[in-house]
Amino acid sequence: DDRKDGLWIWGLFEEPLYPFILLKFTFKAIPMPGADVDEIAPFTCYAQLNHVRDRKTGEVEILPGALTVRTLERVKADLAGLAQVDLINKGTIGEIKFTPQPTAR
């Protein structure tokens, strides 16, 4: 309900104020019948996709981007083990891209 939210969407159609789109996908457990493990544990993956606008036609193209997951690793920060630090590791699991479909006119 914030008026500034519209600026993000507007950035897709004007000269981009934000030259990328951030996506977050959350998955439930995925069953794996017949595999060594019963299921893939629930996870969240992220993507940052750049977009460009053709100045002549005004069409917006969303460019492919890396699909990543983040894992949290808690490590001891001192020799006594009194302090801990959370490290976030990012790993690429694939690529995501959007393909425009022709529309009926």
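Up top you'll find the structure we're talking about.
All of these numbers come straight from a predicted model, not from anything done at the bench.

Engineer: What is the right way to look at the pairing of strand S4 (residues 43-53) in this model?
Structural biologist: The side chains of a regular strand alternate between the sheet's two faces. Relative to S4, strand S1 (residues 20-27) runs antiparallel, the two being bridged by eight bridges. Of the residues in S4, the one forming a bridge with Leu22 is Gln48. In the sheet, S4 pairs with strand S6 (residues 65-76) via three bridges, with the strands oriented antiparallel. Looking at S6, one finds that Ala47 is bridged to Leu67. Two strands pair when backbone bridges link them, and S4 and strand S5 (residues 60-62) are joined in this way by three bridges, in the antiparallel orientation. Paired with Arg53 across the strands is Val60, a residue of S5.

Engineer: What is the right way to look at the pattern of salt bridges in this model?
Structural biologist: Two side chains carrying opposite charge are able to pair once their charged atoms lie near each other. On inspection of all chains with the given rule, the structure shows one salt bridge. Across the pair Arg74 and Asp86 runs a salt bridge, and its minimum N-O distance is 2.7 Å. Here the residue Arg74 occupies a position in strand S6, and Asp86 occupies one in strand S7 (residues 84-96), the gap between them amounting to twelve residues.

Engineer: Explanation requested: the packing of aromatic side chains in the structure shown.
Structural biologist: In this description, a pair of aromatic rings is defined by centroid distance and the angle of the planes. Taken as a whole and judged by the stated rule, the model has one aromatic pair. Ring geometry for Phe27 versus Phe43: centroids 4.9 Å apart, planes at 25 degrees, classification stacked. Taken as a pair, Phe27 in strand S1 and Phe43 in strand S4 lie far apart in primary sequence, 16 residues in all. For Phe27, a relative accessible area of 35% corresponds to the partly exposed category. We note Arg70 situated over the ring of Tyr46; from NZ or CZ to the ring centre the distance is 3.9 Å.

Engineer: What is the right way to read the nonpolar core from this model?
Structural biologist: The nonpolar side chains of a soluble globular protein tend to be buried, and buried together. With six residues, the main nonpolar core is built from Cys45, Ala47, Leu49, Leu67, Val69 and Ile96. Among the secondary structure elements, those contributing two or more residues to this core are S4 and S6. When residues in this core are grouped by element, the largest group, three residues, is from S4. Not counting chain neighbours up to four residues away, the residues in contact with Val69 comprise Phe43, Thr44, Cys45, Asn89, Lys90, Gly91 and Ile93.

Criteria and thresholds
- One numbering rule holds for all chains: residues counted from 1, following each sequence as written.
- It should be noted that, the model being predicted, local features are given only for residues of pLDDT at least 70 and side-chain atom pairs only at 80 or more, the latter also being counted only at that level, while totals for whole chains, interfaces and linings use all residues.
- No hydrogens and no water enter the side-chain calculation; it runs on all heavy atoms of the structure.
- Only when DSSP finds a minimum of two bridges between them are two strands counted as paired.
- Working definition: helices are DSSP H or I runs of at least four residues, strands are E runs of at least two. Numbering for both runs from the N terminus.
- Here a salt bridge means any side-chain nitrogen of Lys or Arg lying within 4 Å of a carboxyl oxygen belonging to Asp or Glu.
- Two aromatic rings, drawn from Phe, Tyr or Trp (for Trp, its six-membered ring), form a pair once their centres lie within 6.5 Å of each other, and the interplanar angle then sorts them: stacked below 30 degrees, edge-to-face above 60, tilted otherwise.
- Exposure categories follow from relative accessible area, calculated using a 1.4 Å probe and restricted to protein chains: below 20% of the type maximum is buried, above 50% is exposed, and the middle band is partly exposed.
- Cation placement over rings: the criterion is NZ of Lys or CZ of Arg within 6 Å of the ring centroid and within 35° of the ring normal.
- We call a set of buried residues a nonpolar core when its members are Ala, Val, Leu, Ile, Met, Phe, Trp, Tyr or Cys and they connect through side-chain atoms within 4.5 Å of each other.
- Whether two residues are in contact is decided by their heavy atoms: any pair within 4.5 Å suffices.

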